[in-house]
Amino acid sequence: MIKQALISVSDKAGISDFAKSLCQLGVILLSTGGTAKLLARAGLPFTEVADYTGFPEILDGRVKTLHPKVHGGILARRKISAHMETLAQHRILTIDMLVVNLYPFEKTVAQEKCSLDKAIENIDIGGSTMLRSAAKNYHDVTVVTDPTDYASVLDEMRANRNTVSYTTNLRLATKVFTYTAQYDSAITNYLTSLGEDCQRATCNTYPTTLNLSFKKVQDLRYGENPHEGAAFYQDPKSVEGSLANYRQLQGKKLSYNNIADADAAWECVKTFDVPACVIIKHTNPCGVAIAMTPADAYAKACQTDPISAFGSVIAFNREIDELAARAVAKQFVEVLLAPSLTDSARKVFSEKQNLRVLQVPLSNAVNLYDLKCVGGGLLVQSPDTKNVQPHELRIVTKRHPVSKEMDDLLFAWRVAKFVKSNAIVFCANGMTLGIGAGQMSRIDSARIAGIKAQNSQLSLSGSAVASDAFFPFRDGLDVVVSAGATCVIQPGGSIRDNQIISAANEYNIAMVITGTRHFRH
């Protein structure tokens, strides 16, 4: 039974109402610091921890709850008579509930001019210690660190005469250890990012020790193949527009491959400022298009490779209306993603019960890290957020691209960033025409892109071509020009750049250099 609670929180959301409800249930309150001042302003009865322990706060508040009357009251096992006799001998009352959250260390170090001294002073010691003590003694103590748990805890107390169940206490204790582990990880990441010059305010993006924390969203039926186990985990710090923040509106459970393909589709489609549709198969785009409406964008994207579009993942960066929904519903689709859907569109898709429909917030914010596992390790890099602008391009041929060609080149370049290397992408009029992906040689990617267009009966005459990296030899350029391309965009940087440029001049095509490579492995 909860008779006495200690409350000391940095996140004060909802704490006044929670404390008031505890008082109404007859719970005695202890508090300290800013929380005590807040309770006083609310007119609630409480005892300062310093008055309870008989020992004042010292060292500028560094020591205030580190006292036997606090930790003895938390850690004593109520069913062990020797523990209770010790409490009685030292006139220590049990503390049956702890409501604590910690100094905002991560928010502090995220400030542009945060000094090391300021960071250190925002490392919570007393709060962390109390949380771990209470969580360890979850049999007898209810520990609450998350304001979202206030309501459910109060409901249990009201229903069970101030008692919270063992199951709830264990759940809350587990939550505490997750919370303190993440807190300690943030401190480690910060301190090991300082390097040898620990007094500087700026940090290395890649700390010596990188601690990451992920929360399981769901178990998956299997991994890439049925003989592999799998689960999906979410980074609690993922930005709003990340796939991990999806809401599934209907359909079967997502598979490992569904999620991988959905991420590829979403990362590509959200880079466009105009209505766009991206069709993904095995994490590669098999059709991308922009148009005035989602329905038109889908129709254009589907033309690129209608065979591969069967069983694909499709993403839109605009609300899906009924017209677009009816078009998509005509074919077999594994997953559909969009920032929103109209009621009429949802009604159309409701007739396809197995179709997984995901609603994902549309945001250009990017996560800090792009991660890739290797055997026994982790590759960490910054996300590839570079979208080349017209003024950054360098025209290297005698013939300059006309306005339409420049639009096609920029579109092709944006798509190429999301195609596995080696990547060759033919485009025209805001749509892909042929995509060559993931080949060991660039000339093979060029040939495959041409074959894809031919199979879909799309003309490459007057098309624009993007190559995610430089042409090592002129043979790749020969292939795309013979297929019909009149302009090319590529990063440059080959020792044979002059030969490639000379070949482009021979063909009288336009070539622009981005100076930026977009390898995708």
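Residues numbered from 1 in each chain as written. Predicted model: local features only at pLDDT ≥ 70, side-chain atom pairs only at ≥ 80, totals over all residues. Heavy atoms only, no water.

The name given to the protein in an unreviewed UniProt entry is Bifunctional purine biosynthesis protein PurH, and the organism recorded there is Candidatus Vallotiella hemipterorum. The protein has a UniProt comment under Sequence similarities (unreviewed entry) that states "Belongs to the PurH family." (UniProt positions renumbered as here; feature names shortened; annotations may be inferred.)

Draft legend 1. Structural detail: the overall build of the protein. If you tally the helices and strands in the protein, you get 18 helices and 21 strands. Its C-alpha radius of gyration of 30 Å places the protein more than 25% over the 24 Å reference for a compact globule of 521 residues. The contacts in the protein between residues at least 6 apart in sequence include a share of 55% that link residues at least 24 apart. Only carbon and sulfur atoms are counted for the fraction: they give 52% of the accessible area of the protein, which is about 25500 Å². Charged side chains of the protein number 55 positive and 50 negative; the gap between the two group centres comes to 3 Å. (Helix = DSSP H or I, 4+ residues; strand = E, 2+ residues; numbered from the N terminus. Rg over C-alpha atoms; globule rule 2.2 N^0.38 Å. Contact = heavy atoms within 4.5 Å. Areas by Shrake-Rupley, 256 points an atom, 1.4 Å probe, with all protein chains shown as cover. Lys, Arg positive; Asp, Glu negative; His and termini not counted. Charge placed at Lys NZ, Arg CZ, Asp CG, Glu CD.)

Draft legend 2. Layout of the pattern of salt bridges. This model, assessed by the stated rule, comprises 20 salt bridges. For R77, the salt bridge goes to D140, with nearest N and O atoms at 3.6 Å. With a gap of 63 residues between them, R77 in the loop between α4 (68–75) and α5 (81–89) and D140 in the loop between α8 (126–136) and β5 (142–144) connect regions that are remote in the sequence. Between R447 and D444 there is a salt bridge, and its shortest N-O distance comes to 3.4 Å. Linking R447 with D444, this pair stays in helix α16 (residues 442–455), spanning three residues, or about one helical turn. For R447, a relative accessible area of 44% puts it in the partly exposed group. One network of salt bridges, with partners in common, ties together D146, D149, R171 and K175. (Salt bridge = Lys/Arg side-chain N within 4 Å of Asp/Glu carboxyl O. Buried < 20%, exposed > 50% of the residue type's maximum accessible area, 1.4 Å probe, protein only.)

Draft legend 3. Up close: helix α14 (residues 343–350). Here α14 has its buried residues at A345, V348 and F349. One side of α14 holds all its buried residues, which, seen down the axis, span an arc of 95°. More than 90 degrees from the buried face of α14, the exposed residues found are D343 and K347. Here the buried face of α14 lies against β8 (247–250), α13 (322–328), β12 (333–338) and β13 (356–359). (Arc of directions from axis to C-beta.)

Draft legend 4. The arrangement of a nonpolar patch on the surface in detail. On the surface, a nonpolar cluster with roughly 420 Å² of combined accessible area is contributed by L212, F214, Y233, L371 and L378. Residue placement: Y233 occurs in strand β7 (residues 230–234). (Patch = residues over 30% accessible without salt bridge, like charges linked within 9 Å, V, L, I, M, F, W, Y side chains within 5 Å.)

Draft legend 5. Region of the structure containing the environment of S502. Of note, S502 is situated in helix α18 (residues 497–507). Exposure remark for S502: the relative accessible area of 40% places this residue in the partly exposed category. When the C-alpha atoms of S502 and V396 are compared, they prove to be 9.5 Å apart, with 106 residues separating the residues in sequence. A distance of 2.9 Å separates a polar side-chain atom of S502 from the backbone oxygen of N498. (Polar contact = N/O pair within 3.5 Å; in protein donor to acceptor, adjacent residues only side chain to side chain.)

Draft legend 6. Quick peek at the UniProt feature "domain: MGS-like" (unreviewed entry) in the protein. Look at the UniProt record and you will see "domain: MGS-like" (unreviewed entry) annotated at residues 1–145. Secondary structure over residues 1–145 splits into 43% helix and 12% strand, and the C-alpha atoms at its two ends are 19 Å apart.

Draft legend 7. Structural view of the nonpolar core. Counting residues in each nonpolar core, the largest one holds 55 residues, and the members touching the most others are I320, F349, L477 and V480. Once residues lying within four places of it in the same chain are set aside, the contact partners of F349 are Q250, I320, A325, V328, A329, L336, L341, L355 and V357. Counting 47 residues, the second-largest nonpolar core is a separate cluster that includes L254, A262, A315 and A416. (Core = buried A, V, L, I, M, F, W, Y, C linked by side-chain atoms within 4.5 Å.)

Draft legend 8. Summary view of the packing of α8 against helix α10 (residues 166–191). Relative to each other, α8 and α10 sit at 150°, their axes nearing to 9 Å. The angle between α8 and α10 places the two elements in the roughly antiparallel class. Crossing angle aside, the handedness with which α8 passes α10 is left-handed. When α8 is examined against α10, the residues S128, L131, R132, A135 and K136 are found in contact with a partner set consisting of A173, V176, F177, Y179, T180 and Y183. Of the residues belonging to the contact of α8 with α10, the class tally is seven nonpolar, two polar and two charged. (Axes fitted to C-alpha atoms, helices over the stretch in contact; angles between N-to-C directions. Parallel < 35°, antiparallel > 145°, perpendicular 65-115°, else oblique. Left-handed = near helix turned anticlockwise from the far one by under 90°. Nonpolar A, V, L, I, M, F, W, Y, C, P; charged D, E, K, R; others polar.)

Draft legend 9. Structural context of the sheet that holds strand β4 (residues 97–100). In spatial order, the strands read β3-β2-β1-β4-β5; together these five strands make up an open sheet with parallel pairing. In this open sheet, the two edge strands, each paired with only one partner strand, are β3 (47–48) and β5. Across four bridges, the pairing between strand β1 (residues 4–8) and β4 is parallel. Across the sheet, residue L6 finds its bridge partner in β4, namely L98. (Pairing = 2+ DSSP bridges.)

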